[in-house]
Protein chains: 2
Amino acid sequence: MSMEPKIINPEAIEGESFRIIETELEEMKAKPQLSPEEFTVLVRIIHATADFDFAKNTVFHPEAVKSGVNAIKRGENIVVDVEMIRAGINKSGLSKFGCEVLSFMSDEDVAQKAKELGITRAICSMRKAANVCPRSVFAIGNAPTALFELIRLVRNKKLFPSLVIGVPVGFVSAIEAKEEALKLGNYDIPYIVTRGRKGGTPVAVAAMNALIRLSTEKG
Amino acid sequence: MSMEPKIINPEAIEGESFRIIETELEEMKAKPQLSPEEFTVLVRIIHATADFDFAKNTVFHPEAVKSGVNAIKRGENIVVDVEMIRAGINKSGLSKFGCEVLSFMSDEDVAQKAKELGITRAICSMRKAANVCPRSVFAIGNAPTALFELIRLVRNKKLFPSLVIGVPVGFVSAIEAKEEALKLGNYDIPYIVTRGRKGGTPVAVAAMNALIRLSTEKG
């Protein structure tokens with residue numbers, strides 16, 4: 001019977017997965033030029049998606065990992081675009097540092113404002129973030145309009161993210177929003193961006209959880 | 001300035017995305033032989049992942065959509081493996097039918113049992129589901145061990161799912177678990193399965209939300 005899984009210990013499953021990913025990256029000669037910490041983040045993104053395209057698509061601003069880890073250690077909040085990302089983030093890992101994960105997308109005032117203006121709740125959620133917590137880590141996995149608005153608020157000096165994980169998935173405006181996000185370096189805002197259409201909740205969650213783990217390891 | 005997104009109305013963004021997906025499926029000549037309802041589910045999966053591999057990988061048992069829609073209309077519960085999937089499912093859409101989304105993975109008794117037996121919480125969460133709600137829709141997006149255990153419980157006549165969305169992502173046991181799930185038809189259990197490594201939270205959520213929408217449309 002082949003019915004039983006070969007490995008059922010959770011840590012063993014994870015370890016074996018990472019070994020496979022590293023081996024295949026070597027074989028594909030697709031292992032990009034990354035620092036060990038950046039490579040850790042990339043491996044976790046591939047682990048969450050089983051998609052090696054992210055080895056080519058993922059772009060790290062040189063200060064991204066350091067700035068994200070430092071922000072977590074300082075207890076900054078993490079602002080996300082959708083609830084699903086909040087559900088996936090390792091909140092007990094974050095709580096040690098006093099960080100909270102905030103999503104404004106479903107707030108009553110945000111929904112009302114969006115309806116009033118005929119724009120996405122995602123846009124309004126970023127405006128609320130600029131009022132409530134302008135210095136935070138931002139993880140945008142779904143709404144290109146949130147990422148566009150975030151960039152606009154940075155340019156207008158209303159938002160000062162410690163790190164932008166800009167990885168919305170999609171067919172309309174996602175590529176364009178992420179190409180704009182690559183210019184955040186001009187404003188000294190570090191980013192992790194997945195170019196092209198791909199990205200999404202698992203990518204945002206994997207990147208955040210990798211940073212949380214790095215923060216914990218580095219005491 | 002190319003800073004502003006071209007389309008900011010949420011319904012318009014979604015409509016345009018679906019148009020692009022359908023066009024590219026035609027162009028790729030990858031449009032599989034599916035019923036209109038199955039095609040709707042597939043388009044939503046591609047929309048959530050920007051990954052056309054799912055046109056090749058997604059397998060529908062012939063009764064899957066019908067059985068899932070009927071289960072929702074009967075007010076059956078939806079059992080998921082991880083919280084992230086629950087967060088993404090359209091719960092207000094489900095509440096009309098009296099359905100609840102249940103996840104047992106983080107339950108105290110499940111965690112304790114898993115530790116005791118040295119197995120995954122995912123396995124124990126399926127055993128709890130067999131006790132609590134053996135007739136439900138199951139959406140497994142992350143844990144191959146949950147899917148293996150679900151299949152074992154079906155074989156042992158402890159679990160009678162109306163539909164199994166079996167789409168765990170990963171490098172260890174995911175492929176094998178999904179190949180086993182393709183045999184659920186032998187037990188008259190309908191399934192939606194993504195063969196290979198790919199799958200995950202967005203795929204499980206997209207499939208569920210497509211079924212919820214179909215249930216609503218078909219009033």
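Since this is a predicted model, take the numbers as computed values, not measurements.

Student: Could you clarify how one ought to interpret the relation of the copies chain B and chain A in this entry?
Tutor: Both copies of the chain are related by a screw-like operation: a rotation about an axis and a shift along it. For the pair chain B and chain A, the superposition axis carries a translation of 0.0 Å, the fit reaches an RMSD of 0.0 Å, and the rotation angle comes to 180 degrees. Read as a symmetry element, the transformation amounts to a two-fold axis. Relative to the rotation axis, the closest C-alpha in chain B is found at Met84(B), a distance of 2.6 Å. In this assembly, 98% of the residues forming the interface of chain B have copies in chain A that are likewise at the interface, indicating an isologous arrangement.

Student: Explain the interface of chain B and chain A to me, please; I cannot follow it from the model alone.
Tutor: Buried accessible area, meaning the area lost when the parts come together, often serves as the stated size of an interface. If you look at the interface, chain B gives 47 residues, while chain A gives 46 residues. A combined buried area of about 3700 Å² lies between chain B and chain A, and 70% of that area is made up of carbon and sulfur atoms. At the junction of chain B with chain A, the criterion picks out four salt bridges. Glu24(A) is the salt-bridge partner of Arg197(B), the closest N and O atoms lying 2.5 Å from each other.

Student: I'm lost on the environment of Ala64(B) in this one. Help?
Tutor: Tracing the backbone shows Ala64(B) in helix α4 (residues 64-73). When the C-alpha positions of Ala64(B) and Leu211(B) are compared, they lie 9.9 Å apart, and in sequence the two are 147 residues distant.

Student: Whenever I open this one, the confidence of the model for chain A confuses me. Can you help?
Tutor: Detailed reading of the predicted model is not advised wherever pLDDT is low. Averaged over every residue, the pLDDT of chain A is 93; residues scoring 70 or more account for 94%. As scored by the predictor, the complex reaches a pTM of 0.94 and an ipTM of 0.92.

Student: Got a minute to help me understand the packing of helix α8 (residues 121-132) of chain A against helix α9 (residues 144-155) of chain A in this structure?
Tutor: The axes of two packed helices give the description: the angle between them and the distance between them. All names here are of chain A. Direction vectors running N to C along α8 and α9 enclose 35 degrees, while the axes themselves pass 7 Å from each other. The crossing of α8 and α9 is right-handed. On α9, the residues touching Ala122, Ile123, Met126, Arg127 and Ala130 of α8 are Thr145, Ala146, Glu149, Leu150, Arg152 and Leu153. Among the residues forming the contact of α8 with α9, the class breakdown is seven nonpolar, one polar and three charged.

Reading the values: rules and limits
- Residues numbered from 1 in each chain as written.
- Chains lettered and ligands numbered in written order.
- Predicted model: local features only at pLDDT ≥ 70, side-chain atom pairs only at ≥ 80, totals over all residues.
- Heavy atoms only, no water.
- Least-squares fit on C-alpha atoms with pLDDT ≥ 70 in both.
- Contact = heavy atoms within 4.5 Å.
- Buried area = accessible area lost by both parts, 1.4 Å probe.
- Salt bridge = Lys/Arg side-chain N within 4 Å of Asp/Glu carboxyl O.
- Helix = DSSP H or I, 4+ residues; strand = E, 2+ residues; numbered from the N terminus.
- pLDDT = per-residue confidence, 0-100.
- Axes fitted to C-alpha atoms, helices over the stretch in contact; angles between N-to-C directions.
- Left-handed = near helix turned anticlockwise from the far one by under 90°.
- Nonpolar A, V, L, I, M, F, W, Y, C, P; charged D, E, K, R; others polar.

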